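Commentary on secondary and tertiary structure
Okay, here's what each chain looks like letter by letter:
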Amino acid sequence: MEPGQAVVSLRGVDRSYREGDRTRTVLSGLDLDVGPGEWVALIGRSGCGKSTLLNLISGIDRPDRGDIWINGTDLTRLTERERTLFRRKNIGFVYQFFNLIPTLTVEENLLLPAELNHTDPARARELLAAIGLEDRRTDFPDRLSGGEQQRIATARAIVHDPVLLLADEPTGNLDSATGEQMLRLMESLARSARRALLMVTHSHDVARRADRVLTLEHGHITEQAAETD
Ligand SMILES: Nc1ncnc2c1ncn2[C@@H]1O[C@H](COP(=O)(O)OP(=O)(O)OP(=O)(O)O)[C@@H](O)[C@H]1O
Ligand SMILES: [Mg+2]
């Protein structure tokens, strides 16, 4: 796939962290393509660099080397401000640790990305109803359970209809019925025109539902054959 055709493409991406005089290489010469309409699952052991990779793709962090394209735009050639504006519009991110804004209510957490993208605020209320948390809309995040916060984080990531949804273990705190409901929400976004979903998961049951399963190991990605059982 050419970088211009994919929703996200990485070529030769390196990222390492310095610790005193030691360097810890996390990603090394990493290539990745996710095409339009695709749902890709990313698995790998704890500490292998999955969150590091999502942070690079979202433009929160920058690679030491290599290129990252989102819908044909090379993120590594944008200024920090341009990257922030680009991310706000094009990317939805369900963070591993939710990152809800503690001083905003549940509803305000959803209204913020909606407003920044001129999305109809009614969409926020609609999503709250869809995830069964409409009655908690005036609560602050610290009053919610882990699973409830995770559902709000998912709704917040899709409220502005992003081109690319990045999700870092988005069902880790959910019972299977609620997890299923969140998966359906994310999947329906991925299947709409020119959109895509890249999801980190430790669950093989979740990964099995993706179009492709990628494994991150020793700094780069290998593709698994589809699981059939
Ligand atoms: N800001 C940082 N400074 C130094 N090292 C870091 C930093 N962020 C991550 N690392 C290291 O990079 C490696 C990859 O971390 P990362 O969070 O990407 O792993 P992960 O695959 O998401 O793990 P998990 O499944 O536990 O969430 C780890 O060894 C971690 O200690
Ligand atoms: Mg992680």
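In case you missed it, the structure is sitting above this.
Notes on the structure follow. Just so it is clear, the structure is predicted and the values come from calculations on it, not from any experiment.

**Considerations on the overall build of the chain**
- For the chain, the count of helices and strands is seven helices and ten strands.
- Taken against the 2.2 N^0.38 rule, which gives 17 Å for 229 residues, the C-alpha radius of gyration of the chain at 17 Å falls within 12% of a compact globule.
- With the C-alpha coordinates of the chain rotated into their principal frame, the extents come out at 50 × 45 × 40 Å.
- Counting the 229 residues in the chain, one finds 39% classified as buried.
- The contacts in the chain between residues at least 6 apart in sequence include a share of 69% that link residues at least 24 apart.

**Side note on the sheet that holds strand β7 (residues 164-168)**
- What the six strands build is an open sheet, ordered β6-β7-β8-β3-β9-β10; its pairing is mixed. Unpaired on one side and paired on the other, β6 (91-94) and β10 (220-223) mark the two borders of the sheet. The average undirected angle you get between the axes of adjacent strands in this sheet is 20°.
- Two elements, strand β3 (residues 39-43) and strand β8 (residues 196-200), share four bridges in a ladder whose sense is parallel. Looking at the pairing, W39 lines up with L197 of β8.
- Strand contacts of helix α1 (residues 50-58): β3, β6, β7, β8 and β9 (212-217), with the helix running at about 155° to β7, the strand carrying the most contacts.

**As for helix α3 (residues 106-116)**
- Along α3, the residues classified as buried are V106, N109, L110, L111, P113 and A114.
- Where the residues of α3 are buried, they touch α4 (122-130) and α5 (146-158).
- Downstream of α3 by one or two residues, H118 has phi in the positive range, about 55°.

**Describing the site of ligand 1**
- In the vicinity of ligand 1, the contacting residues are Y17, V26, G44, S46, G47, C48, G49, K50, S51, T52 and Q96.
- Here the shell around ligand 1 gets three residues from one element, more than from any other, and that element is α1.
- Here the residues of the shell around ligand 1 sort into three nonpolar, seven polar and one charged.

**Some thoughts on the pairing of β9**
- Relative to β9, β3 is paired through four bridges, and the arrangement is parallel. When the sheet's bridge partners are listed, I43 is paired in β9 with T215.
- Connecting β9 to the antiparallel partner β10 that follows it, the hairpin turn spans two residues, and H218 within it adopts a positive phi of roughly 50°.

**Some points on α5**
- Here α5 is 13 residues long and its end C-alpha atoms lie 19 Å apart, about the 18 Å a rise of 1.5 Å per residue gives.
- Within α5, eleven of the 13 residues are buried, leaving the element largely enclosed by the surrounding structure.
- In this fold, the buried residues of α5 make contact with β6, α3, α4, β7 and α6 (176-191).

**Section: the sheet that holds strand β1 (residues 8-19)**
- Reading across the sheet, the four strands line up as β2-β1-β4-β5 and stay open at both edges, with antiparallel pairing between neighbours. Either end of the sheet is taken by a strand with one partner, and the two such strands are β2 (22-34) and β5 (73-74).
- When β1 meets strand β4 (residues 65-70), the two strands line up antiparallel, connected through five bridges. Opposite L10, over in β4, you have I68 as the bridge partner.

**Considerations on the pairing of β10**
- Note that β9 and β10 share four bridges and pair antiparallel. From the neighbouring strand, T215 faces β10, where its bridge partner is T222.

**A few points about the packing of α5 against α6**
- The N-to-C vectors of α5 and α6 enclose an angle of 10°; their axes lie 11 Å apart at closest approach. Relative to α6, the element α5 lies roughly parallel. Counted together, G147, R151, T154 and I158 of α5 and T178, M182, L185, M186 and L189 of α6 form the full contact between these two elements.
- Its residues assigned to classes, the contact of α5 with α6 shows five nonpolar, three polar and one charged.

**Some points on the packing of α3 against α4**
- Where α3 contacts α4, the two axes come as close as 9 Å, and the packing angle between them is 135°. When the axes of α3 and α4 are compared, the pair comes out oblique. Crossing of α3 over α4 shows right-handed handedness. Taking contact as the criterion, the partners of E107, L110, L111 and A114 in α3 are, on α4, R123, A124, L127 and L128.
- Looking at the contact of α3 with α4 residue by residue, the classes come out as six nonpolar, no polar and two charged.

Each value, and the rule that gives it
Residues numbered from 1 in each chain as written. Chains lettered and ligands numbered in written order. Predicted model: local features only at pLDDT ≥ 70, side-chain atom pairs only at ≥ 80, totals over all residues. Helix = DSSP H or I, 4+ residues; strand = E, 2+ residues; numbered from the N terminus. Rg over C-alpha atoms; globule rule 2.2 N^0.38 Å. Buried ≥ 20, exposed ≤ 12 C-beta atoms within 10 Å, placed from the backbone. Contact = placed C-beta atoms within 7 Å. Pairing = 2+ DSSP bridges. Axes fitted to C-alpha atoms, helices over the stretch in contact; angles between N-to-C directions. Near = placed C-beta within 6 Å. Nonpolar A, V, L, I, M, F, W, Y, C, P; charged D, E, K, R; others polar. Expected span 1.5 Å × (residues − 1). Parallel < 35°, antiparallel > 145°, perpendicular 65-115°, else oblique. Left-handed = near helix turned anticlockwise from the far one by under 90°.

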